[in-house]
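Spelled out, the chains give:
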Number of protein chains: 2
Amino acid sequence: MAPTQQVKRRATNQGAAVKEALAAEDTFRSAQDVYATLRANGEKIGLSTVYRHLQIFVDDGLADVIHKPDGESTYRLCGDASTTHHHHLVCRQCGKAVEIEGPAVETWADKVAAQNGFTDVNHTVEIFGLCTACAA
Amino acid sequence: MAPTQQVKRRATNQGAAVKEALAAEDTFRSAQDVYATLRANGEKIGLSTVYRHLQIFVDDGLADVIHKPDGESTYRLCGDASTTHHHHLVCRQCGKAVEIEGPAVETWADKVAAQNGFTDVNHTVEIFGLCTACAA
DNA sequence: GTCTTATTGGGAATCGTTCCCATTATGACA
DNA sequence: TGTCATAATGGGAACGATTCCCAATAAGAC
């Protein structure tokens, strides 16, 4: 894993469109979903391109990914540059997500890993539930 | 989600074989992996059947599932009946897993969810790293 | 403008998983 | 121990998400 290295990248309409589509919602959305939305809006873009940009956002640290239990990957733009480590509270119905932080969890995870001799540790913490709107 | 309801189930060689295969290792293994192992051992079993039993174990609370980042589902028998809620510290290389508990995390998750008005909450917490053997 | 080359997109290909359904075999009952 | 209803099996087709391939297109530097 090479250190974050910014590669020369061209600005294209498609790339901007994908970013806009993500920025328009504060929910985790699947590639298929984004693709469908863009097409519905009359955008001229291919599915491959959507996947490509989504992956680029993730690589550049602009977006977070969550793998839903059913295996589908969903994406969401996460705070700009700062890239603070955080987790999500996600509505399993509508996908709406709230960024949350849990310093205690971080230290706990590191401690447990160390106790068991594990190194090069990272972790995933996602909380799923029903948001107020969907619970109604 | 109906309350855990034991359905009448027949005992078959294949079902036992799948359980044995899982029991033989303390690592999370994919359906494909288990299937390959069984076939290699000369077992007469179909891929569908492996998936079927794996899912049954999960439904019955006998096994835990972890969805790897690449989307593949991996299974592991988890402590018998007791079904204590726990998480895993998993080696991303060999799949070896250690069951861990973090009461603090549970309460934290519930609290955060409640603060944001989320209900019917559950969460996933997995810690990935390299076990001592694989780090060498 | 011209030219290099990153980007695009559409369809084929992959891969894990689920579905379908005729065949097989478990377990209950006589 | 034999018979039967039906749960379980398995192999191949079907599926859905994602990746790959590559000729056509367009961004950006000079």
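Computed from a prediction, not measured in an experiment: that's the story for all the values here.

K.L.:
Residue-level account of unusual backbone geometry, with values.
P.N.:
Even without glycine at this site, Asp120 of chain A takes up a positive phi of about 55°. Note that Asp120 of chain A resides in strand β6 (residues 119-130).

K.L.:
Which residues make up the protein's contact with DNA strand D, and what values go with them?
P.N.:
Around DNA strand D, a shell composed of 21 residues is seen, among which Tyr51 of chain A together with Thr12, Lys44, Thr49 and Arg52 of chain B lie nearest. Backbone atoms, meaning sugar plus phosphate, form 62% of the atoms of DNA strand D positioned within 4 Å of the protein. Arg52 of chain B has a polar side-chain atom sitting 2.8 Å from a base nitrogen of DNA strand D. Looking at the surface near DNA strand D, the elements with two or more residues in it are α3 (47-59) of chain A together with α1 (13-23) and α3 (47-59) of chain B. Element by element, the count of residues in the surface near DNA strand D is highest for α3 of chain B, at four residues.

K.L.:
Describe in detail the pairing of strand β5 (residues 97-100) of chain B, supporting the description with residues and values.
P.N.:
Residue and element names in this part refer to chain B. Pairing of strand β4 (residues 87-91) with β5 involves four bridges; the strand directions are antiparallel. Bridging across to β5, His87 finds its partner in Ile100. Linkage of β4 to β5, two consecutive antiparallel strands, is achieved through a turn of five residues, within which Gly95 is found at a positive phi near 85°.

K.L.:
Summarise the sheet that holds strand β2 (residues 63-67) of chain B; cite the residues concerned and give the values.
P.N.:
Residue and element names in this part refer to chain B. In spatial order, the strands read β1-β3-β2; together these three strands make up an open sheet with antiparallel pairing. Every interior strand has two partners, whereas the edge strands, β1 (29-30) and β2, have only one. Pairing analysis gives two bridges linking β1 to strand β3 (residues 73-77), with the strands arranged antiparallel. Bridging across to β3, Arg29 finds its partner in Tyr75.

K.L.:
Quick one: what's the story with the sheet that holds strand β1 (residues 29-30) of chain A, residue by residue and with numbers?
P.N.:
Hydrogen bonds between backbone atoms are what pair the strands of a sheet, whose relative direction is either parallel or antiparallel. All names here are of chain A. A sheet is described by the order of its strands in space; here three strands give the open sequence β1-β3-β2, paired in antiparallel fashion. Looking at the sheet topology across the chains shown, the edges are occupied by β1 and β2 (63-67). With five bridges joining them, β2 and strand β3 (residues 73-77) adopt antiparallel strand pairing. Each residue of the ladder has a partner; that of His67, found in β3, is Ser73.

K.L.:
I'd like a rundown of the protein's contact with DNA strand C, residues and numbers included.
P.N.:
Taken together, the neighbourhood of DNA strand C is formed by 21 residues, with Thr12, Thr49 and Arg52 of chain A together with Arg10 and Tyr51 of chain B sitting nearest. Measuring from a phosphate oxygen of DNA strand C, one finds a side-chain N or O atom of Thr12 of chain A at 2.6 Å. The side chain of Ser48 of chain B places a nitrogen or oxygen atom 3.0 Å from a base nitrogen of DNA strand C. At the level of secondary structure, the elements contributing two or more residues to the surface near DNA strand C comprise α1 (13-23) and α3 of chain A together with α3 of chain B. No other element matches α3 of chain A, which puts four residues into the surface near DNA strand C.

K.L.:
Go over the packing of helix α2 (residues 31-40) of chain A against α3 of chain A with me, naming the residues and quoting the values.
P.N.:
Residue and element names in this part refer to chain A. Contact geometry for α2 and α3: axes closest at 9 Å, N-to-C directions at 125°. By the angle between their directions, the pair α2 and α3 is classed as oblique. Of the two elements, α2 crosses α3, and the hand of that crossing is right-handed. Listed contacts from α3 to Ala31, Gln32, Val34, Tyr35 and Leu38 of α2 are Leu47, Val50, Tyr51 and Leu54.

K.L.:
Residue-level account of the relation of the copies chain A and chain B, with values.
P.N.:
Rotating chain A by 180° and translating it 0.0 Å along the rotation axis places it on chain B, where the RMSD comes to 0.1 Å. Those values place the two copies in the arrangement expected of a two-fold rotation axis. For chain A, the residue whose C-alpha comes nearest the rotation axis is Val125 of chain A, separated from it by 2.3 Å. Taken as a fraction of all interface residues of chain A, those also at the interface in chain B reach 100%, which identifies the copy contact as same-surface.

K.L.:
Please provide a residue-by-residue account of the interface of chain A and chain B, values included.
P.N.:
Listed as interface residues are 34 residues of chain A and, on the opposing side, 34 residues of chain B. Its largest share of buried area at the contact with chain B, chain A owes to Trp108, Phe118 and Ile127 of chain A, together 23% of the area lost on that side. The interface formed by chain A and chain B contains two salt bridges. In this structure, Asp120 of chain A and Arg92 of chain B form a salt bridge, with 3.3 Å as the shortest nitrogen-oxygen distance. Elements with a contribution of two residues or more to the side of chain A that touches chain B: β4 (87-91), β5 (97-100), α4 (103-115), β6 and α5 (132-135) of chain A.

Thresholds, definitions, all that
- Residues numbered from 1 in each chain as written.
- Chains lettered and ligands numbered in written order.
- Predicted model: local features only at pLDDT ≥ 70, side-chain atom pairs only at ≥ 80, totals over all residues.
- Heavy atoms only, no water.
- Helix = DSSP H or I, 4+ residues; strand = E, 2+ residues; numbered from the N terminus.
- Near = heavy atom within 4 Å.
- Polar contact = N/O pair within 3.5 Å; in protein donor to acceptor, adjacent residues only side chain to side chain.
- Pairing = 2+ DSSP bridges.
- Axes fitted to C-alpha atoms, helices over the stretch in contact; angles between N-to-C directions.
- Parallel < 35°, antiparallel > 145°, perpendicular 65-115°, else oblique.
- Left-handed = near helix turned anticlockwise from the far one by under 90°.
- Contact = heavy atoms within 4.5 Å.
- Least-squares fit on C-alpha atoms with pLDDT ≥ 70 in both.
- Buried area = accessible area lost by both parts, 1.4 Å probe.
- Salt bridge = Lys/Arg side-chain N within 4 Å of Asp/Glu carboxyl O.

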